[in-house]
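Descriptive structure summary
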Amino acid sequence: VQLQAFGGGFVPAGGSLRLSCTASGNIFRENALSWYRQPTGKRRELIARIKDDGATEYARSMTGRFTISRENGQNTVYLQMSDLRPEDTGVYLCHVEQLGGKDYGTEYWGGGTLVTVSS
């Protein structure tokens, strides 16, 4: 299983970005795609998670400015970010968890894409 994240870059405070990530390989139809981020020198944190049935979960601190969505046919997940702040700077990583089949519970990580928000 491989995940490739795209869409990071430099953006001024208050701006918006849309990240995308495509998961390929042996992915069971029941799965959950997630976005995490890791600011420099800090721990990795969950932003949001979306299951194959469209059910979403957001970290409490991430509601309002971040929206997760997906295209099931391509196992592609998006993260729309708005009103970005300098503290949103970090590496954004996509993640997939198998929710069915013999690999139930197996997790995979993508390489991440860097988002830099200037003040």
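For the structure given in this document, a descriptive report is provided here.

Conventions and cut-offs
- Residues numbered from 1 in each chain as written.
- Predicted model: local features only at pLDDT ≥ 70, side-chain atom pairs only at ≥ 80, totals over all residues.
- Heavy atoms only, no water.
- Core = buried A, V, L, I, M, F, W, Y, C linked by side-chain atoms within 4.5 Å.
- Buried < 20%, exposed > 50% of the residue type's maximum accessible area, 1.4 Å probe, protein only.
- Helix = DSSP H or I, 4+ residues; strand = E, 2+ residues; numbered from the N terminus.
- Polar contact = N/O pair within 3.5 Å; in protein donor to acceptor, adjacent residues only side chain to side chain.
- Contact = heavy atoms within 4.5 Å.
- Pairing = 2+ DSSP bridges.

As for the nonpolar core
In terms of nonpolar packing, the biggest core is built from 26 residues, with Trp35, Ile47, Leu79, Met81 and Tyr92 touching the most fellow members. Mapped by element, the contributors of at least two residues to this core are β1 (2–6), β3 (17–24), β4 (31–38), β5 (45–51), β7 (66–71), β8 (76–81), β9 (90–98) and β11 (113–118). Of the residues forming this core, the biggest block, 4 residues, is contributed by β3.

Comments concerning the side chain of Arg37
Here Arg37 is to be found in strand β4. Residue Arg37 is classed as buried on the basis of its relative accessible area, which comes to 8%. A distance of 2.6 Å separates the side chain of Arg37 from the side chain of Glu45, its partner in a polar contact. In this structure the side chain of Arg37 is engaged in a polar contact, spanning 3.2 Å, whose partner is the side chain of Tyr92. Setting aside residues no more than four positions away along its own chain, Arg37 makes contact with Arg43, Arg44, Glu45, Ile47, Met62, Phe66, Glu87, Asp88, Val91 and Tyr92.

Some words on the environment of Gly111
With respect to the helices and strands, Gly111 occurs in the loop between β10 (107–109) and β11. Along the sequence, Gly111 and Tyr92 sit 19 residues apart, while their C-alpha atoms lie 8.7 Å from each other. Dropping the residues within four chain positions of it, Gly111 is found in contact with Leu3 and Leu93.

A short note on the pairing of β8
Of all 6 residues making up β8, 5 are buried, and the element is well covered by its neighbours. Here 6 bridges tie β3 to β8, and the two strands are oriented antiparallel to one another. Across the sheet, the residue bridging to Leu17 is Met81, located in β8. Bridge count between β7 and β8: 6 bridges; the pairing is antiparallel. Note that in β8 the partner of Thr67 across the bridge is Gln80. Counted between consecutive antiparallel strands, the loop separating β7 from β8 contains 4 residues, among which Asn75 sits at a positive phi close to 45 degrees.

None of this, on its own, says anything about what the molecule does.
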